[in-house]
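Structural overview for review
What follows is each chain in one-letter form.
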Amino acid sequence: MIIDRIVRKVEQLKQISSTRGAQWQLGPVWSQQQLAAFEQNHHITLPSEYAAFLQRVGDGGTLWGAYGIVSLAQATSEECDRCAKPSPLTQPCYNRSLPETYLDGLFRIGTSDAGFPRYLMITGNRPGSLWEDSLGYDNGAFERLQTTFVEALEKWLDNTIAS
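This report concerns the structure included in the present document.

Reading guide: rules and limits
Residues numbered from 1 in each chain as written. Predicted model: local features only at pLDDT ≥ 70, side-chain atom pairs only at ≥ 80, totals over all residues. Heavy atoms only, no water. Helix = DSSP H or I, 4+ residues; strand = E, 2+ residues; numbered from the N terminus. 1 Å grid on protein atoms, 1.4 Å probe; cavity = no way out; pocket = protein on both sides within 12 Å on 5 of 7 lines; lining within 4 Å. Points joined across faces, edges and corners; volume = space filled by probe spheres on them. Core = buried A, V, L, I, M, F, W, Y, C linked by side-chain atoms within 4.5 Å. Buried < 20%, exposed > 50% of the residue type's maximum accessible area, 1.4 Å probe, protein only. Contact = heavy atoms within 4.5 Å. Phe/Tyr/Trp six-rings, centres within 6.5 Å; stacked < 30°, edge-to-face > 60°. Axes fitted to C-alpha atoms, helices over the stretch in contact; angles between N-to-C directions. Parallel < 35°, antiparallel > 145°, perpendicular 65-115°, else oblique. Nonpolar A, V, L, I, M, F, W, Y, C, P; charged D, E, K, R; others polar.

Glancing now at the environment of Glu78. Examined against the element boundaries, Glu78 turns out to sit in helix H4 (residues 77-84). Sequence-wise, Glu78 and Leu89 are 11 residues apart; in three dimensions their C-alpha atoms are separated by 19 Å.

This is the structure we're talking about:
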């Protein structure tokens, strides 16, 4: 299972990093009870891979991308309410084609190494999919990446461990 590999790679990165003077920090793992209470309180079902990540790896932290992984526990009520609404996104959106509700169903989970905001689809036609916002740049788009959050994290871990 991919979460098992991520757990091993996070431990490997921590060991390597301690010899390089770098520190990687993760938020606390969630219990099944915390996960169920969060989902019930916010009327959502988290994508299974992300729920497993929360329970096995942790909630947020300095791993991945330019600024790390955003903590779900620290999300505002407004962000959580927005996650409960189905995402209208089915294809890339460009400056003129963005629906007003384009952030519905999405949780801002972090950024790319280039600093582009990345969102995890919570509710919508592809729960668990990863979306990236490069609209502020020439020829930018709000588009689904060909990977999930945990796949992108595993690739980042592989690259970081190898460097």
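Still more ground to cover, so stick around.
Unlike most non-glycine residues, His43 shows phi in positive territory, near 55°. Mapped onto the secondary structure, His43 falls in the loop between helix H2 (32-42) and helix H3 (48-56).

If you add up the space inside the largest pocket, you get close to 230 Å³. Considering the residues around the largest pocket, the lining is formed by 12 residues, among which Trp64, Arg118, Ala152, Lys155 and Trp156 are closest to the centre. If you tally residues by element for the lining of the largest pocket, the top one is helix H5 (residues 149-162), at 5 residues.

Formed by 36 residues in total, the largest nonpolar core has its most connected members in Leu46, Tyr50, Trp64, Phe149 and Leu153. Counting only elements with at least two residues in this core, the list comes to helix H1 (2-20), H2, H3, H4, strand S1 (106-111) and H5. Per element, the largest residue contribution to this core is 7 residues, and it comes from H5. Not counting residues within four places of it along the chain, the set of residues in contact with Leu46 comprises Leu35, Phe38, Glu39, Ala51, Leu54, Leu72 and Ile122. Within the second largest apolar cluster, 8 residues are counted, among which are Cys93, Tyr119, Trp131 and Phe142.

Enumeration according to the criterion identifies 7 aromatic pairs in this entry. Seen from their ring centres, Tyr50 and Phe53 are 6.3 Å apart, and the 15° between their planes marks the pair as stacked. Pair noted here: Tyr50 and Phe53 are both in helix H3, with a separation of 3 residues, about one helical turn. The class for Tyr50 is buried, based on a relative accessible area of 2%. Given a relative accessible area of 0%, Phe53 falls into the buried group. Residues Phe53 and Phe149 carry aromatic rings whose centres are separated by 5.1 Å and whose planes lie at 90° to one another, so their mutual orientation is edge-to-face. Here Phe149 lies in helix H5 and Phe53 lies in helix H3, a separation of 96 residues in the sequence. On the basis of relative accessible area, Phe149 is assigned to the buried category, the value being 2%. Cluster of aromatic residues (ring-pair linked, three or more members): Tyr102, Tyr119, Trp131 and Phe142.

On to the packing of H3 against H5, then. When two helices pack together, you describe them by how their axes are tilted relative to each other and by the distance separating the axes. Relative to each other, H3 and H5 sit at 55°, their axes nearing to 8 Å. Here H3 is positioned oblique relative to H5, judged by the angle of their axes. Contact with H3, carried on its side by Glu49, Tyr50 and Phe53, involves Phe149, Val150 and Leu153 of H5 and no other residues of that element. Considered class by class, the residues forming the contact of H3 with H5 number 5 nonpolar, no polar and 1 charged.

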